[in-house]
Every structure is written in structure tokens, then in C-alpha cells.
Amino acid sequence: MMMDSKKRKWLLLGGLIACLLLVPMFVTDIYILSILNVMVVYSILCLGLNLILGFTGLLSLGHAAFYGIGAYTTAILMTRYDFGFVAAFCASAVLALVAGIVIAIPTRKVRGDYFCLITLAFGEIFRLVATSWIEFTRGAMGIVRIPMPKIFGIAIVTEAHFYYLGLGILIVTYLTIKAITDTRYGRAFIAIREDELAADTMGINTPIYKIMAFSIGCLFAGMAGSFLAVYQTVVTPSNFRLEESCLMIIMVIVGGMGRNLLAPLAGVIVMTVATEVFRSTAEYRMLIIGLIMILVLLLRPQGIFGSSSFKS
Amino acid sequence: MPILDTRDVTKQFGGLVAVNQVSMTVNKNEIVGIIGPNGAGKTSFINALTGIYKPTGGQVLFQGKDITGFPAYKIAKHGIARTFQNLRVFSNISVLENVLIGAHCRIDNPFHHIFLRPLRSKKIEQQAYAKVIALLKNVGLEEKKESLAKNLSYGEQRTLEICRALASDPELLILDEPCAGMNSAEMDTLADFVKKLRDDGQTIVVIEHNMCFMMAVSDRIIVMTEGAKFREGTPAEIRNDLEVQKVYLGEQEVE
């Protein structure tokens, strides 16, 4: 019986992926495709953030910085050093992973609220460096004219091409995180979220597992950043502000944290659509987004599809 | 050779000596009880053994190996599992996952195998699953394996916590006040369960206030007071010891 429900799950997932692959056949509107691409980027980011926030319970306010590290790495390598996209993409992922480890090591033993502050500070430092180190990052002007990516000879040009590329990265992200969280590693992350001291006495080396969860989440942020760089062809520091980190957190919470890996995607869809629909209202749109979040938290504290909520 | 051998274990918090040169041994397949009035340092002693505190003096030998000052996760790997005085089950996840987490350090699944040898990784996870299901069946929680731990009754949560500790195949199981908050019927069931574990070959240390329970389960009792070991003997000896009664009379009635 268990096998049956498992099979059904895989069938559903296969069907979902097939539908997603077919989307560009029916949707030709560039505007809608571009919104889908934005959703894909946030989906990759939120899957990674869910590992940090939903599984391990670490509230990171600096996720946009790792996203930015990925984006700037690809931008600089492709514009100045003639890297191909695939090589730049891998470099972005690795660099974001390394940055994640570097931040996670000193913070492995600090308490929740301090962790929050340190990641907040790191996010701001990253943005300020990207703005002020003009020779390297060209400051607020950003890095422009990032070449179109080529993957093994296939040029990625149209919105639909980018959609497939992004979807590919998203699927890899999902399958990787699924594989990790289905084993004792995923359970160890959850144990840390639930009760760190008890996790310790279960034989879980909690500092190592925290570093692991955090840096793997950052790795995928780096991939998302790399995709953003070639998709936008421009990266500027304003892509990686604190608001971006907050938006990702909101998406994960609204969608639902924890075991249901696809739940955060519901948050991505709701928040992206809301942003687009209320785009004309300019600043007031944050008001509306805030309202959506409050409503979701009041009516469904565990998120739209979530299974676990914050500890009361 | 005793399984556990502590030599003059001491834990000081600044000027306060919480545990003062406690030496004790635990032999294989026996239940050792530790009793003592509130604040006698029983839990501090256990915390010093299991790596939650670092002892400030003395030595802890486990199966002949010096494990003094090891971090908690390493001590768990060496084979000491414990429960907590104030329940520490993982409340927002299922009973099954709670026990699987308990088995964490016995699931030999290196990280790179997830990607490089996925079939082996899956097989090992499935073996762990089967083992945990058998364990849950044994304690009568199998039907509730999908319920969230917080939805279990208090007694069931206590059982779950012991079950989670057993999942790591411990050489030594330490129960910290397992009867807290239980009625006498539940206590009897627990006493039977603990004795059955011993008969199956488990070595156990129990800390408990409740004298009836301790007299019923312990093979040997150690009395602690003011951080130090005060007496050691069989339940009958301890019961008839006038000095022990005096220690207790200051705090509570002798039952």
C-alpha cells in the first residue's frame, strides 16, 4: 500500500514536470513567460531557503547575498574572462557554497536571534561592497552586456529557452534536495529545528549539520543568481537588497515550510502574481503584500501547503 | 569489567559544587538506581556523564575507554543513550521520524553515497525503517507511527522518548525521572517494561524520586545528597538504612 502511494506521488510529479515542459508550446506571450521565469528563479531560491529555514530552523536574512555572489560571479567571469555559461554556472554554485560555509562556520554555535543579525549584516556588507567597489563591480551601474549563454553549442536566446534552462535547474534542485532530505540528513536537520540539545544526544553533530544545511541552501542560491545574470544580461546591487531576502522568507512561510518540498512554490506563485497584479500601485503594493502575509499567517499559520509551523 | 566506571567525577559551576567526586560503577545487564532529595545533583551528574556538561574533574570510563569531556553527540555514538527529566520529544514531527532520528548514529549512510551509490543509500534507509517499525511494535506505538508526537498522551510520549533512546542500540540506557507525572498504574507498566529491557540484556541507570518504583526495579541503589555519593547498596539495605531515612526526612516523609 505504501508503494502505491509512493508510485502515485512520482506519477503526479512526472505529470507536473511534463505540464511545465509543455507550457511554452501554449503560452507565447512574452510577458507571461517572463513572469514564469521570475517564478522559476524564486522557486530555486526558496527550495534552498526551505532547507535552511524550514528544515533546520535557521532564519537567514542574508539569502540574497548568496544569490548575488552567484550572479556577480557569472557576470564577471563571462564579461571579463570569456568563460562559457556552463563553467561560470559551476563557479557560481561553488563560490556560493564556499561563502555559505565561511558564514556558517563562525555562526554554528550562536543562538537564533544572533544568527539572524549576523546573516542580516552579511547581506548588507555584500550589497555595500557591490555598490562601492567600483573597479570590480562597477558599483550601482552594475555589470552590463552579459553575453547570451550557450550550453553545449545550443544558444539560449528567447524567453522560452530561458524558461527551459531555468526549469532544468529547478528540477535538479528539487531532486537533489529531495534525495538529501529523504535520508538521515534531512531528519537530522529537522531534529535541530525541533530541539537542538536533544538532537545532540541522539548522536547528531549539530554544528556540522547546521553548516551543511546552510551551505547547501546557499549553493542553490548561487545557481539561481547565475541564471539571473544571463537572463537579465545585467546585474546591479539593487537586485540583492534586504527586501529580496525578506521576500524569499515570506514566500517560504506563505507557501509552507518543511517536509513538503513543493509547498514554498505556492508562496512563490502567490507573491509573484500579487507583485505583478498590483505593480501599478507602486509603493502601496508592499502594503498589499504585507496584508496577504498577515492573512495567511492568521488563517493558516503553517502556510498554504505546509505541514509544520513555527514552534509556539 | 564494568560497563561504566566513573572516578571522582566533579562538576563545579563557579563556587557551587553541583557534583562532588562521585565514583560509581555499572555492570552489564543490571539496573542501577540513583536517588536523592531535590538538588542532590543527580541530573547534573548524568549531564556530566552524557556530555551536556563537561566535568571539571574526575574521569568517566565507558567500556574501558576514557570518554571524559567528550561532546554529547560522540558519547551517543559510543553507546550511551538517555531520556530527559522534562520530556524532549520532537513534538512537531511524526512518531516514526522521532524514532528514526534516535537511530541516526546507527544509520551508516555517508553523505556522498546519496548521489554516488543511491541504491545502497536507499537500502540502508529502508533497513533502518524496518528496525524502527519493529521497535515501535515492541512498545505498542506502531499504530500511531504517523501521528505527530505532540498529539500523543503524556504516558505515550514518555514511552516514545525511551523508544527513541533505544533506537540507537545503546550499551547503556539512562532514564532521568521516567515516572514524573505518571499515575501508579502507568508506573507499574513502566516498571515492568524497564525490567523486561534488563532481562533482554539492556544495562540501565535510572534516576527517580519515587521510592516504590526504585525499590521495585533497581538491582542496586546509589543515594546522593548535596552533590556527593552518600550510600550504595541493595534496595533492602537502603530501605533499612537509618541515615538514608534521615536525609530524606529533612526534605519529605519516608514512604
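Just so we're clear, the structure is a prediction, and the values are computed from it rather than from any experiment. Throughout this document, residue positions are counted from 1 along each chain, in the order its sequence is written. By the order in which they are written, chains take letters starting at A while ligands take numbers starting at 1. Residue-level local features of this predicted model are given only where pLDDT is at least 70; pairs of side-chain atoms are given and counted only at 80 or more, and the full residue set underlies all totals for whole chains, interfaces and linings.

Student: I'd like to hear about the overall build of chain A, residue by residue, with values.
Tutor: Think of it this way: any DSSP run of H or I at least four residues long counts as a helix, any run of E at least two long counts as a strand, and we number them from the N terminus. From N to C terminus, chain A includes 13 helices and two strands. Its C-alpha radius of gyration of 19 Å places chain A within 12% of the 20 Å reference for a compact globule of 312 residues. Dimensions of chain A along its principal axes, counting C-alpha atoms only, are 50 × 45 × 45 Å. Every one of the 312 residues in chain A was classed for burial, and the buried ones make up 49%. Here the contact rule is simple: place C-beta atoms from the backbone, and any two residues whose C-beta atoms are within 7 Å are in contact. Partitioning the intrachain contacts of chain A with sequence separation of at least 6 by distance along the chain shows that 76% fall at a separation of at least 24. Each radius of gyration reported is based on C-alpha atoms, and the globular scaling rule is 2.2 Å times the count of residues to the power 0.38. Three exposure classes are used. Buried residues have 20 or more other C-beta atoms within 10 Å of their own C-beta, exposed residues have 12 or fewer, and partly exposed residues fall in between, all C-beta atoms being placed from the backbone.

Student: Run through the domain arrangement of chain B, naming residues and quoting values.
Tutor: All names here are of chain B. All the domain ranges listed were derived from an automatic or database domain assignment. Domain boundaries in chain B define domain 1 (1-79 + 170-255) and domain 2 (90-168). Each of domain 1 and domain 2 was reduced to a C-alpha centroid, and the two centroids are 27 Å apart. On the side of domain 2, eight residues touch domain 1, which itself brings nine residues to the contact. At the level of secondary structure, the elements contributing two or more residues to the side of domain 1 that touches domain 2 comprise α2 (72-78) and β7 (172-176).

Student: Residues and numbers for the interface of chain B and chain A, please.
Tutor: Taken together, the 25 residues of chain B in the interface contact 19 residues of chain A. For the side of chain B that touches chain A, the elements supplying multiple residues, two or more each, are α2, α3 (95-102), α4 (113-116) and α5 (118-139) of chain B.

Student: So what's going on with the packing of α5 of chain B against helix α6 (residues 154-166) of chain B? Residues and values would help.
Tutor: Residues and elements named next belong to chain B. Orientation of α5 relative to α6, taken along the N-to-C sense of each, is 140°, at an axis distance of 10 Å. As α5 packs across α6, the resulting crossing turns out to be right-handed. In contact with L135, L136 and V139 of α5, α6 contributes T159, C163 and L166. Residue polarity follows a fixed list, in which Ala, Val, Leu, Ile, Met, Phe, Trp, Tyr, Cys and Pro are nonpolar, Asp, Glu, Lys and Arg are charged, and the others, Gly among them, are polar. The residue inventory of the contact of α5 with α6, partitioned by class, reads five nonpolar, one polar and no charged. Convention adopted: a line fitted to C-alpha atoms gives each axis, helices being fitted over their contacting stretch, and angles between N-to-C directions are expressed from 0 to 180 degrees. In this scheme the crossing of two helices becomes right-handed for a clockwise turn of the near helix relative to the far one and left-handed for an anticlockwise turn of less than a right angle.

Student: Which residues make up the pairing of β7 of chain B, and what are the values?
Tutor: Residue and element names in this part refer to chain B. Of all five residues that make up β7, five are buried, and the element is covered over most of its length. Every second residue of β7 is oriented toward a common face, with L172, I174 and D176 on one face and L173 and L175 on the other, all of them buried. In short, DSSP must find at least two bridges between two strands for them to pair. Relative to β7, strand β6 (residues 80-82) runs parallel, the two sharing three bridges. In the strand pairing of β7, I80 is matched with L172. Bridge count between β7 and strand β8 (residues 203-207): five bridges; the pairing is parallel. In the strand pairing of β8, L173 is matched with I204. Once the chain exits β7 it traverses helix α7 (residues 184-199) before rejoining the sheet at β8, and the crossover so formed is right-handed. Note on handedness: a crossover is taken as right-handed if, strands pointing away from the viewer, the path from the first strand over the helix to the second is clockwise.

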